[in-house]
Amino acid sequence: MTPSSKQNSWLRRCRPGFGTFVDIAILASNQNEATATLSKVFARLALLENRLSRFNPDSDIAKVNRAKRHATVPVSALTFRLLRRAANLQMKSGKLFRPWQQPLGLAKKNRVRILHGQAKVDLGGIAKGFAVDEAIRLLKRAGIGAALVNAGGDMRSFGPCDFPILIRDPQNPGKCLFGLKLNNQSLCNSGNYFAPGHIRGTRRNRLAVLAAGVMAPNCRDADALTKVLMLHGEKGFALLRSFGVSGYIIAKNKTVVFS
Amino acid sequence: MPSKKIFATAATAGIVISIPAFAISYLSVEEAQKVLFPDAQNFSREKIIFTAEQKVALEKLTGVKVTNTAQPLWRAFKKEGTQEVLLGFFIFDAVLGKHDLIDYAVALDPNGAVIGVEILNYRESYGSEIRSKSWRKQFQGKTLAAPVKLNDDIQNIGGATLSCRSVSQGIRKILGIYDTFLKTK
């Protein structure tokens, strides 16, 4: 089965977003329709970024971060869903994945209660992964046959083809360490080499590896689980197994270990 | 349908493949104009040349280092009856990314609000030779099974998040250019 006929061709666009570059490649037969679809997808991503970025003072997350103790903040349904999922991943990972510093009350629908002090929520990576999932969902709904969405290392593909991906060498990002093929899956790769310090361990939990990656059905969970591998190294593979997903770590001696 | 599993092709740490130059061309200037101003019928090109004082003022206003001495831009027009209506400005610029220049375009409406930003060309270069051509060859032909080749090189590189800070700064500079030169008083 090949996705391409004579008229089909790849269309690829890139826009800045989520603090990185969002690159979308789609296979389409009608160039004008495909261009319009891509514009719609990018518009949706811009909306998500407005809701979920802690840097945008009008976003739901910024509102939560400004709120004082015991305050209740109304948030949009999608922000709430993502916070709920993040809370779930936080619990399952034994707080290794921790996108906020103070506990949040998420019992009431679309309401966030600040339980202690300022929550300092930063959905960063998981929001980016969620946005990739959203982009894929919209592209599928628009009838696109195959696509690859890559938001700065959080990527997901669909369609009847393999997408070759090279993984950077964390100690020498100009070079690649190994290759993977992506087929109807998500791949998130984390490392500290381009944005040092964006993944922080605690005093008890320093970064265990140079870089880590997770392959999962959706990008949102893959991104969160990558952070667990970064902090926990090979010990994190057990959690990956419980989610039924696979991953790899690039250890400090540069050996690649697959789960 | 191939298996849904991802498999590693060369997972040994001993093999290190360098990417001498990684470049993606997303859109040409004309294509980007169409994407950002789909209703425009006419683009008129002009060039703003900065004097030394203007450059300093622009840097002071935006807090961004201005490396260019001139800024090309297009005014996008739409015909309405016999009149031409200004839809906005299309500004093409390049900024230094992590390793090399990133070409991008910003569309502004007549009031200076950003309509959209598109990356036109993305490059990274390292200048080292390819150590294992045969290894990379295994990807060729298999890629995407499409009639149009996206790039000559491997198309997707996974790694840590690349920051788009330089593009954000570039956009700030362009908004400063709008304020200084294009705003109708």
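Throughout this document, residue positions are counted from 1 along each chain, in the order its sequence is written. Throughout, the order in which chains and ligands are written sets their labels, letters from A for the former and numbers from 1 for the latter. Per-residue local features are limited, in this predicted model, to residues with pLDDT of at least 70; the limit for side-chain atom pairs, both in listing and counting, is 80 or more; totals at the level of whole chains, interfaces and linings are taken over all residues. Calculated side-chain values reflect all of the structure's heavy atoms, with hydrogen atoms and water omitted.

Okay, helix α1 (residues 31-52) of chain A next. All names here are of chain A. Counted at 1.5 Å a residue, the expected span for α1 with its 22 residues is 32 Å, and the 31 Å between its end C-alpha atoms agrees. Within α1, burial applies to Ala34, Thr37, Leu38, Val41, Phe42, Leu45, Leu48 and Leu52. Along α1, the residues classed as buried sweep out an arc of 135° about the axis, all on the same side. Across α1 from its buried face, at more than 90 degrees, point the exposed residues Asn32, Glu33 and Lys40. Against β1 (9-17), β2 (20-28), α2 (60-66), α3 (77-92) and α4 (124-141) lie the buried residues of α1. Here a polar contact means two N or O atoms within 3.5 Å. Within protein one must be a hydrogen donor candidate and the other an acceptor candidate, and residues neighboring in sequence count only if both atoms are side-chain atoms. Secondary structure elements are taken from DSSP: a helix is a run of H or I of four residues or more, a strand is a run of E of two residues or more, and numbering for both begins at the N terminus. Looking at where α1 begins, the residue whose side-chain oxygen comes 2.9 Å from the main-chain nitrogen of Asn32 is Asn30. In a helix, the anticipated span is given by 1.5 Å times the number of residues less one. Relative accessible area decides the class of each residue, using a 1.4 Å probe on protein chains only: under 20% of the type maximum gives buried, over 50% gives exposed, and in between gives partly exposed. Read the arc as the range of directions from the helix axis to the C-beta atoms. What makes two residues a contact is simply this: any of their non-hydrogen atoms within 4.5 Å.

Let us now look at the pairing of strand β4 (residues 70-80) of chain B. Side-chain positions along a regular strand alternate between the two faces of the sheet. Residue and element names in this part refer to chain B. By the convention used here, strands pair only if DSSP detects at least 2 bridges between them. Bridge count for strand β3 (residues 42-49) against β4 is eight bridges, and the pairing is antiparallel. Looking at the pairing, Asn42 lines up with Phe77 of β4. Examined bridge by bridge, β4 and strand β5 (residues 83-96) share eight bridges and lie antiparallel to one another. Each residue of the ladder has a partner; that of Glu80, found in β5, is Gln83. Counted along the chain from β4 to the antiparallel partner β5, the turn is two residues long, and its residue Gly81 has a positive phi close to 65°.

Quick look at α3 of chain A now. Owing to its 3.6 residues per turn, the α-helix brings residues three or four apart onto one side. The end-to-end C-alpha distance of α3 of chain A is 23 Å, a good match for the 22 Å that 16 residues give at a rise of 1.5 Å each. Buried within α3 of chain A we find Leu78, Thr79, Phe80, Leu82, Leu83, Ala86, Leu89 and Gln90 of chain A.

All names here are of chain B. When you line up the elements, Ser25 lands in strand β2 (residues 21-25). In this structure, the C-alpha to C-alpha distance between Ser25 and Ala94, residues 69 residues apart in sequence, is 13 Å. For Ser25, the side chain forms a polar contact with the side chain of Asn121, separated by 2.5 Å.

Once that is clear, we can look at the confidence of the model for chain B. Residues and elements named next belong to chain B. Summing up the model confidence of chain B, the mean pLDDT is 74 and the portion of residues at 70 or higher is 65%. Note on scores: pLDDT gives the predictor's confidence for each residue, bounded by 0 and 100. Under a pLDDT of 50 for its full length, residues 1-15 has, in the predicted model, 40 contacts with residues more than four places off or in other chains. Segment residues 126-154 is flagged for pLDDT under 50; beyond a separation of four residues in sequence, or across chains, it makes 68 contacts in the model.

Another point: the pattern of salt bridges. Definition used for salt bridges: Asp or Glu carboxyl oxygen within 4 Å of a side-chain nitrogen of Lys or Arg. Tallied over the entire structure, the rule returns 15 salt bridges over all chains. Asp169 of chain A is paired through a salt bridge with Lys254 of chain A; the nearest N and O atoms lie 2.9 Å apart. Of the two residues, Asp169 of chain A is situated in strand β8 (residues 163-169) and Lys254 of chain A in the loop between β12 (246-250) and β13 (256-258); the sequence distance between them amounts to 85 residues. Between Asp221 of chain A and Arg220 of chain A there is a salt bridge; the shortest N-O distance is 3.0 Å. Looking at Asp221 of chain A, the relative accessible area reads 8%, which means it is buried. Through salt bridges with shared partners, a single network forms among Arg13 and Arg15 of chain A together with Glu118 of chain B.

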